[in-house]
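Chain by chain, the residues run as shown.
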Amino acid sequence: MDAIFNADYKIGVFKEDSMRLAPALSLLLGTGCLSVDTLVPPTVDEDPSLPTLAVPGSLLHGEVVGDPDDPLVVLLHGGPGADLVGMRRQLALADHGFQVLIYDQRGAGRSRRHDVGAFDRLDLVDELAALIADHSPDGTAALIGHSWGGQLAAMAVQELGDTVTAVVFVEPGPWTDERLAGMGLTSIDMTAAGLNDVMWLEQVVSPADHARLDLRFLELMSRQTPGYRMSTTDPMPFHRMGYVGWMNGAGTAPDAPPPDFDLVQGIEDWSGTAHFIWGSANEIMDADYRAAQEAPWPERTRLVVEGVGHDVHWVEADAVNAHILEVL
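Quick caveat, the model's predicted, so the values are computed rather than measured.

K.L.:
How do you make sense of the pattern of salt bridges when you look at a structure like this?
P.N.:
For side chains of opposite charge, pairing can occur when their charged atoms come near one another. Applying the stated rule across the entire model yields 10 salt bridges. Here Arg 88 makes a salt bridge to Glu 63, at a shortest N to O gap of 3.2 Å. One end of the pair, Arg 88, is in the loop between strand S3 (72-76) and strand S4 (99-103); the other, Glu 63, is in strand S2 (residues 58-65), and 25 residues separate them in sequence. For Arg 88, a relative accessible area of 31% translates into the label partly exposed. Among the ionic pairs, Asp 214 bridges to Arg 113, the shortest N-O distance being 2.8 Å.

K.L.:
Sorry, what's going on with the packing of aromatic side chains here?
P.N.:
How two aromatic rings sit relative to each other is given by the distance of their centres and the angle of their planes. For the structure on display, the rule yields eight aromatic pairs. Between Trp 278 and Tyr 289 the ring centres are 6.0 Å apart and the planes differ by 90°, which places this aromatic pair in the edge-to-face class. With Trp 278 in strand S7 (residues 273-279) and Tyr 289 in helix H8 (residues 287-294), this residue pair connects regions lying 11 residues apart in the sequence. Classification of Trp 278 as buried rests on a relative accessible area of 0%. With relative accessibility at 3%, the residue Tyr 289 sits in the buried group. The ring of Trp 314 carries Arg 89 above its face, with NZ or CZ at 3.6 Å from the centroid. Sitting over the ring of Phe 261, Arg 121 keeps its end group 4.7 Å from the ring centre.

K.L.:
I tried to follow the pairing of strand S5 (residues 141-146) on my own but got confused; where do I start?
P.N.:
Counting buried residues along S5, six of its six residues qualify, which places the element largely inside the surrounding structure. The alternating pattern of S5 places Ala 141, Leu 143 and Gly 145 on one face and Ala 142, Ile 144 and His 146 on the opposite face, and all of these are buried. Here S3 runs beside S5; their pairing, made up of four bridges, is parallel. Bridge pairing links Val 73 to Ala 142 in S5. Direction of pairing for S5 relative to strand S6 (residues 164-170): parallel, over a ladder of six bridges. Considered in S6, the bridge of Ala 142 is made with Ala 166. At this point the chain moves from S5, through helix H3 (residues 148-160), to the parallel S6, and the crossover so formed is right-handed.

Each value, and the rule that gives it
Residues numbered from 1 in each chain as written. Predicted model: local features only at pLDDT ≥ 70, side-chain atom pairs only at ≥ 80, totals over all residues. Heavy atoms only, no water. Salt bridge = Lys/Arg side-chain N within 4 Å of Asp/Glu carboxyl O. Helix = DSSP H or I, 4+ residues; strand = E, 2+ residues; numbered from the N terminus. Buried < 20%, exposed > 50% of the residue type's maximum accessible area, 1.4 Å probe, protein only. Phe/Tyr/Trp six-rings, centres within 6.5 Å; stacked < 30°, edge-to-face > 60°. Lys NZ or Arg CZ within 6 Å of the ring centre and 35° of its normal. Pairing = 2+ DSSP bridges. Right-handed = clockwise from strand over helix to strand, strands pointing away.

Below, the structure is given as structure tokens:
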């Protein structure tokens with residue numbers, strides 16, 4: 001068990017061994033022999049030693065590295081609800097003339113938890129805008145967004161315009177709700193898995209409930225996406241994923257209307273450039289998907305890294321970082 005849940009919370013991508021452990025973990029948790037707290041890292045509210053970034057309405061786990069006078073680059077992790085750990089290899093950009101900001105988005109990773117429906121995806125854009133305003137020397141930033149983080153970056157272009165100077169889209173999620181629905185990536189429901197129905201009706205989630213949901217979410221997500229072809233020899237790590245943060249960001253909370261979005265509407269007015277980075281082995285984001293994602297962006301570049309999947313920025317960090325330095 002220590003290979004998966006160790007003292008440093010280097011949980012990583014769940015593989016077959018952890019799937020075999022899942023029933024045993026559920027039994028131990030249910031009988032009280034094992035505490036969720038021993039498996040789930042604490043949030044910033046539970047561990048005051050964590051580095052934090054304050055934004056209106058929340059407290060985030062994150063930090064800024066590099067010279068504060070250098071241009072700002074913001075790293076946007078996937079999910080919604082994942083964490084910053086898989087983006088850490090891009091912190092090396094701070095050694096090459098950039099100030100780099102990395103953070104767990106609201107309700108995600110080790111940032112503060114919020115109730116169901118307490119925020120939505122536009123609140124995450126407002127949060128990003130506040131971080132840029134607080135840390136950019138000139139009020140602008142380049143964004144590097146992985147998966148869902150790419151969708152968040154596209155929303156930032158729509159909402160913040162030329163505050164965003166450039167975007168590096170690393171395997172970005174779909175731009176429209178229709179394409180997302182066709183991919184089947186939001187069909188996860190754990191609200192009835194041993195939880196109190198009244199809690200969900202009232203949309204109030206205790207810290208213990210968050211911890212239990214987050215653990216189950218991490219287990220469940222590992223089974224949902226084999227087609228992403230993520231590495232088993234150099235697994236991209238996770239510390240903690242936020243299930244309620246995922247629901248709020250994805251718009252899948254109970255009784256919420258179906259997600260309805262078009263993240264590339266109006267982007268023709270943006271003066272920046274979109275830089276796309278893909279892993280060739282990803283079967284979900286195949287050649288047709290890549291072409292469709294790139295097509296709406298008037299100014300764009302492309303890098304396809306052979307033989308890797310959705311975790312291209314982690315597995316091939318040196319090549320990805322070198323390319324980013326070329327295009328930014």
